[in-house]
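Fold and geometry: a report
Okay, here's what each chain looks like letter by letter:
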Amino acid sequence: MAGAEDLKVLGTRQSMFTVRVLWALKLKGVEYEFIEEDLVHKSSLLLALNPVHKKVPVLVHGGKPIVESKIILEYIDETWKQRPLLPEDPPQRAYARFWAAFIDDKLMEAARKAFATTAEAQAIAVESTTEALNLLEGELQGKKYFSGGEEIGYLDIVAGWIAYWLQFIEEVGGFKAMDSTKFPRLDAWIKNFLQITSVAQNLPPPHELRSIFCAIQDAMQIK
Ligand SMILES: N[C@@H](CCC(=O)N[C@@H](CS)C(=O)NCC(=O)O)C(=O)O
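Residues numbered from 1 in each chain as written. Predicted model: local features only at pLDDT ≥ 70, side-chain atom pairs only at ≥ 80, totals over all residues. Heavy atoms only, no water.

Attention now moves to the overall build of the chain. Looking only at helices and strands, the chain features nine helices and four strands. Reading the chain from its N terminus to its C terminus gives the helix and strand order β-α-β-α-β-β-α-α-α-α-α-α-α. Its C-alpha atoms give the chain a radius of gyration of 17 Å, within 12% of the compact-globule value 17 Å for 223 residues. When its C-alpha atoms are laid out on the principal axes, the chain stretches across 50 × 45 × 30 Å. (Helix = DSSP H or I, 4+ residues; strand = E, 2+ residues; numbered from the N terminus. Rg over C-alpha atoms; globule rule 2.2 N^0.38 Å.)

Around the ligand, a shell composed of S15, F17, L39, K42, K55, V56, P57, E68 and S69 is seen. Within the contact set of the ligand, a nitrogen atom lies 2.9 Å away from a backbone nitrogen or oxygen of V56. For the ligand, a nitrogen atom lies 2.8 Å from a polar atom in the side chain of E68. Burial of the ligand by the protein amounts to 72% of the accessible area it has alone, namely 510 Å². Tallied by class, residues from the shell around the ligand come to four nonpolar, two polar and three charged. (Near = heavy atom within 4 Å. Polar contact = N/O pair within 3.5 Å; in protein donor to acceptor, adjacent residues only side chain to side chain. Areas by Shrake-Rupley, 256 points an atom, 1.4 Å probe, with all protein chains shown as cover. Nonpolar A, V, L, I, M, F, W, Y, C, P; charged D, E, K, R; others polar.)

It is worth spelling out the layout of surface pockets at this point. In this structure, the largest pocket spans a volume of roughly 1200 Å³. As for the largest pocket, its lining consists of 38 residues, and the residues nearest its centre are M16, F17, K55, M108 and I216. Within the lining of the largest pocket, the residues separate by chemical class into 21 nonpolar, six polar and 11 charged. Both domain 1 (7-79) and domain 2 (90-220) contribute no fewer than three residues apiece to the lining of the largest pocket. In this structure, the second largest pocket encloses a volume near 260 Å³. Considering the residues around the second largest pocket, the lining is formed by 20 residues, among which L85, P87, Q92, S147 and G148 are closest to the centre. Within the residue set of the lining of the second largest pocket, elements represented by two or more residues are α4 (90-116) and α6 (154-173). (1 Å grid on protein atoms, 1.4 Å probe; cavity = no way out; pocket = protein on both sides within 12 Å on 5 of 7 lines; lining within 4 Å. Points joined across faces, edges and corners; volume = space filled by probe spheres on them. Domains from an automatic or database assignment.)

Under the domain assignment used here, the chain contains domain 1 (7-79) and domain 2 (90-220). Here the C-alpha centroids of domain 1 and domain 2 sit 21 Å apart. Taken together, the contact pairs 16 residues of domain 1 with 22 residues of domain 2. The junction of domain 1 with domain 2 conceals about 1700 Å² of combined surface from both sides, 67% of it contributed by carbon and sulfur atoms. On inspection of domain 1 and its partner domain 2, the count reaches three salt bridges. For the salt bridge of E74 with R97, the shortest nitrogen-to-oxygen distance reads 2.9 Å. Summed over the shared surface of domain 1 and domain 2, the number is seven residue pairs in polar contact (both at pLDDT 80 or more). Mapped onto the side of domain 1 that touches domain 2, the elements with two or more residues apiece are α1 (16-28) and α3 (69-79). Among the residues forming the side of domain 1 that touches domain 2, the class breakdown is nine nonpolar, two polar and five charged. (Contact = heavy atoms within 4.5 Å. Buried area = accessible area lost by both parts, 1.4 Å probe. Salt bridge = Lys/Arg side-chain N within 4 Å of Asp/Glu carboxyl O.)

Moving on to the packing of aromatic side chains. Taken as a whole and assessed by the stated rule, the structure comprises 10 aromatic pairs. Relative to W165, the ring of W23 has its centre 6.1 Å away and its plane inclined at 75°; by these criteria the two rings are edge-to-face. Of the two residues, W23 sits in helix α1 while W165 sits in helix α6, which places them 142 residues apart along the sequence. For W23, a relative accessible area of 1% puts it in the buried group. The exposure class assigned to W165 is buried, which follows from its relative accessible area of 1%. With centroids separated by 5.5 Å and ring planes inclined at 80°, the aromatic side chains of Y164 and W165 adopt a geometry described as edge-to-face. Members of the aromatic cluster, connected to one another through ring pairs, are W23, F146, Y164, W165, F168, W189 and F193. The ring of F34 carries the charged tip of R13 above its face, separated from the ring centre by 4.0 Å. (Phe/Tyr/Trp six-rings, centres within 6.5 Å; stacked < 30°, edge-to-face > 60°. Buried < 20%, exposed > 50% of the residue type's maximum accessible area, 1.4 Å probe, protein only. Lys NZ or Arg CZ within 6 Å of the ring centre and 35° of its normal.)

Here it is in structure tokens:
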């Protein structure tokens, strides 16, 4: 098991991408040092470790940086074998990766547009967000978690922002897509997911997310 001196996470505790990494490390029982980044005044450390995207999270293992949260999750799973996150079966691994990419590329992009727009453009984006959620609802048929088992896996971790961050994105953005009556399986998944100790103990307080999303809206000057 890596000691804290070998492993560092550079990130912010409000970042859904950073928290994915923290959840994975907690689930695996791997110790790490957390380095809080200031995204308004990015540190020279961040710029040196992630010169291409200049974003958090960055995992630094034995001095080597690994960037992009989904890649970091796979790295963690390959490096610390206990409590596997991805399934062993190649088709099931491909399934998890496919839906993880869908969540980040389609659902998140639709929610981002709904947050960043108003009027007709927002209505279209809310519809796209709802359609994406509906597809995920379908994938939860007969399942407690996206992993298909009794414990969360890689895909649940990637989907984790839907369980917590989405409500604040909706609230500040002035729209609603995650309707518990329309999506009862997703609603049950959210409740189960948020009860997991490693998840619940690593969630930012609501006021911090509200204030960050309000600041983003102010910066966009759209509302
Ligand atoms: N695709 C990246 C996204 C990471 C990302 O967007 N991080 C945000 C914080 S939530 C960031 O560092 N933003 C700084 C910036 O865009 O300048 C991942 O999965 O790690």
